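# Structural features, examined
Next come the chains, spelled out residue by residue.
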Amino acid sequence: MSAKAQINPEKARWLEVLGISMPLCLSYIPIGVACGILLHAAGFNFIMTLIVSIVVFSGGAQFILASLLTINAPLSSIFMTLFFLELRYALLGSSLSKYIKNESQHFIWLFAVSMNDENYAVNYLKFATDKKWHPKDGLLVEHYSLLFWSVSNMVGGLIGSAVSINLEVVDFALTALFIYMIVMQLRSHLALLICLLSAVLAVIFMVLTGSIIGVVIATLIASFVGFLIENTVREHAKVPKNNWFLAKLFRPRATRITIEDQKAEEKEEQEEQEEQASKAEEAAASHDEPRQHN
Amino acid sequence: MDLLSNLQLMISDTFASNKILYHVVVIIFAAFAAFIPRYFPIRFLSSRKIPEWFNEWMKYVPVSLFTALVVKNIFITTKGYHFVPFGHPDQIVAALIVMVIAYFTRSMAISVVGGLVSVWLLSMVI
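Every value quoted in this text rests on a predicted model; they were computed, and no experiment measured them.

Assigned secondary structure in chain B consists of six helices and zero strands. Element order for chain B, N to C, with α for helix and β for strand: α-α-α-α-α-α. Across the 126 residues in chain B, those meeting the buried criterion constitute 36%. Pairs at least 24 apart in sequence give 29% of the contacts found in chain B among residues at least 6 apart.

Below, the discussion takes up the overall build of chain A. Within chain A, the regular secondary structure consists of 13 helices and zero strands. The order of α-helices and β-strands along chain A, N terminus first, is α-α-α-α-α-α-α-α-α-α-α-α-α. The 294 residues of chain A split such that 40% are buried. Contacts in chain A between residues far apart in sequence, at least 24 positions, make up 74% of those at least 6 positions apart.

So, on to the UniProt feature "transmembrane region" (unreviewed entry) in chain A. The positions UniProt marks with the feature "transmembrane region" (unreviewed entry) are residues 12-31, 37-57, 64-85, 158-183, 190-206 and 212-229 of chain A. Along residues 190-206 of chain A one finds 100% helix and 0% strand; the C-alpha atoms at either end are 24 Å apart.

Time to look at the UniProt feature "transmembrane region" (unreviewed entry) in chain B. Residue and element names in this part refer to chain B. On the UniProt side, "transmembrane region" (unreviewed entry) is annotated at positions that read residues 20-40, 60-81 and 93-122 here. For the annotated span residues 20-40, helix accounts for 100% and strand for 0% of the residues, and the straight-line distance between the end C-alpha atoms is 30 Å. Here residues 93-122 runs as 93% helix and 0% strand, with 8 Å between its end C-alpha atoms.

With that settled, consider the packing of helix H5 (residues 75-86) of chain A against helix H2 (residues 19-46) of chain B. Contact geometry for H5 of chain A and H2 of chain B: axes closest at 8 Å, N-to-C directions at 25°. With respect to H2 of chain B, the axis of H5 of chain A lies roughly parallel. The two elements H5 of chain A and H2 of chain B cross, and the hand of that crossing is right-handed. Contacts between H5 of chain A and H2 of chain B involve Leu-75, Ile-78, Phe-79, Leu-82, Phe-83 and Glu-86 of chain A on the former and, on the latter, Val-25, Val-26, Phe-29, Ala-30, Ala-33, Ala-34, Pro-37 and Arg-38 of chain B. Split into classes, the residues belonging to the contact of H5 of chain A with H2 of chain B amount to twelve nonpolar, no polar and two charged.

In this assembly, 63 residues from chain B lie in contact with 79 residues from chain A. Listed by contribution, the elements that provide at least two residues to the side of chain B that touches chain A are H2, helix H3 (52-58), helix H4 (61-75), helix H5 (89-105) and helix H6 (108-125) of chain B. Considering each element in turn, the side of chain B that touches chain A owes the most residues, 19 residues, to H2 of chain B. Of the residues that constitute the side of chain B that touches chain A, the class distribution is 45 nonpolar, twelve polar and six charged.

With that out of the way, let us pick up H5 of chain B. For H5 of chain B, with 17 residues, the first-to-last C-alpha span of 24 Å sits near the 24 Å given by 1.5 Å per residue. Arg-106 of chain B sits one or two positions beyond H5 of chain B and adopts a positive phi of about 60°.

A few words now on unusual backbone geometry. Residue and element names in this part refer to chain A. A positive phi angle, close to 45°, is found at Phe-57, a residue other than glycine. Relative to the assigned elements, Phe-57 resides in the loop between helix H3 (46-55) and helix H4 (59-70). A residue is classified by how many C-beta atoms lie within 10 Å of it, and Phe-57, with 23 of them, is buried.

Let us now look at the confidence of the model for chain B. Any region with low pLDDT has predicted coordinates that should not be read closely. Residues and elements named next belong to chain B. Averaged over chain B, the pLDDT score is 83; the fraction of residues at 70 or greater is 87%. Confidence, read as mean pLDDT per element, is least for helix H1 (residues 2-17) in chain B (57) and greatest for H5 (92). Predicted as a complex, the structure gets a pTM of 0.69 and an ipTM equal to 0.77.

It is worth spelling out the environment of Leu-110 of chain A at this point. Residue and element names in this part refer to chain A. Inspection of the secondary structure puts Leu-110 in helix H7 (residues 105-113). When the 15 C-beta atoms within 10 Å are taken as the criterion, Leu-110 is described as partly exposed. Along the chain, Leu-110 and His-143 lie 33 residues apart, while their C-alpha atoms are 9.6 Å from each other.

Now for the packing of helix H11 (residues 189-209) of chain A against helix H12 (residues 213-236) of chain A. Residues and elements named next belong to chain A. Direction vectors running N to C along H11 and H12 enclose 150°, while the axes themselves pass 8 Å from each other. Our classification of the angle between H11 and H12 gives roughly antiparallel. Judged by the sense of rotation from one axis to the other, the crossing of H11 with H12 is right-handed.

On to the nonpolar core. Core analysis: the biggest nonpolar cluster contains 105 residues, and Ile-179, Tyr-180, Ile-182 and Ala-202 of chain A have the highest contact counts within it. With 14 residues, helix H10 (residues 167-185) of chain A is the single largest residue contributor to this core. When we break this core down by domain, the ones giving at least three residues each are domain 1 (12-185) and domain 2 (186-278) of chain A. Ignoring any residue separated from it by four or fewer positions in sequence, one finds Ile-182 of chain A in contact with Cys-195 of chain A together with Val-63, Phe-66, Thr-67 and Val-70 of chain B.

Rules used in this analysis
Residues numbered from 1 in each chain as written. Chains lettered and ligands numbered in written order. Predicted model: local features only at pLDDT ≥ 70, side-chain atom pairs only at ≥ 80, totals over all residues. Helix = DSSP H or I, 4+ residues; strand = E, 2+ residues; numbered from the N terminus. Buried ≥ 20, exposed ≤ 12 C-beta atoms within 10 Å, placed from the backbone. Contact = placed C-beta atoms within 7 Å. UniProt positions renumbered as here; feature names shortened; annotations may be inferred. Axes fitted to C-alpha atoms, helices over the stretch in contact; angles between N-to-C directions. Parallel < 35°, antiparallel > 145°, perpendicular 65-115°, else oblique. Left-handed = near helix turned anticlockwise from the far one by under 90°. Nonpolar A, V, L, I, M, F, W, Y, C, P; charged D, E, K, R; others polar. Expected span 1.5 Å × (residues − 1). pLDDT = per-residue confidence, 0-100. Core = buried A, V, L, I, M, F, W, Y, C linked by C-beta atoms within 7 Å. Domains from an automatic or database assignment.

Printed below as a string of C-alpha cells:
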C-alpha cells in the first residue's frame, strides 16, 4: 500500500489504470516482438508491421497473416481466414455491450476497434468486480495495451532476422493468460461443467470444420447450455443458490468478490433484518396481548 | 470476360512488381476483417435495450471462449486443425502449473510469468 502511495501520491486515475494493465502490457512485449519478427520474415517492412499491428491488433490473426503471406495465399483466402478468426470478437463485444451502452457513438467506435482478447479479459473482470470501473478506464486499458503491442511489433520488425526465438514458449504467455482468466471465472459447479463442455465441443468442431470457426460454434453452444441449465434451476429449485449447479466452488480466502455476490449478500442481510424485525413485532404483539387481557 | 481476366492479370502483375502496394492492399483487407466483427455487434447491441435472457447467455461466453482458445493452443495443430492429445506435453504440464498458481495467488502477473518460466524449463526437459 505504501509503495503504491509513493509511486502514485495524487492517485491519478491514468496511473492507477496503467498499474492494472501492466501485467498485460508486459506480457505483450515478447509476443509482440515475436510477431514483428515473423511479419518481417513474411516480407513486411517495419512501417507496414506497425500499421498492421494497429489496425488488426490481434496476436493470433497477425501470426496467421504472416504464415499466409509466406505461402503466397490469395487475397480472398487471407480475408476469409482473418474474418473467421476475428468472428469471436462479435461475442466479446456482445458480452461487454451492457457496460458501455450509455456512451456516445464515437466512444463505442473507439472502444470496439481497440478491443482484443486480452484487454477484454482484463476489462470484463474489472467491470464485473469493481463498481468504480468506468468505461473510460476500460478504453484506457485498451489504449495502453495497443501502445505496448504496436511498439513491440515495430521493434520486432526492426530487429528482424537478427534474433531467433522459440515461438512456442512465447506463445504460451497467451495460453497462461487465458488459463488465469478461466480460473478467475470458475465460481460455481455449473461454470466448471460449462468449461469442460466447451473444451470437448471445441475439439469436435475445430476438427469437423477444420478452421477457427469451431471455437465460435463451441462457445455459442456451451454458453447457451450454461444459460439453459441456470434458467431451469432458477425456475424449479426452491433455493437456487443451494442447488448443486449454482453452489459455489471451494476457493481460497484471497478470492475476489464480484458485484453480483455483494448485491446478493446485501439482499440476504436485508431480508434477515426484516425477518428479525417482523419477529420482534410479533413478540411485542404477543407481549401486548396478555396485558390487554389484564 | 476477356477484359476481366486481362484486368486480373494486370493487377497481379502490378502486385508482383510492387510489393509495398500489395502489402497495403493486404493490410486494408485485414483491417476490414478485423473491424467488421468487432464493431457492428457492439454498435447494434449498445443502441437498444438488451433482453435479459441475452445477458444471461453472454454471462457464460467468457469462460467458454477462453477454454476453447486454450484447447486450441494446446491440443490442436495450427496446420490442418488436427487433434493431438499429447502434441505438447510440456504445455500440458505447464498449464496445470498455471492453474495451481492462478488458484492460490489470484495474480495475473505471477500466473503468466510462472507459466512462461515453467514451459521454458519443461521444453528443455521433455
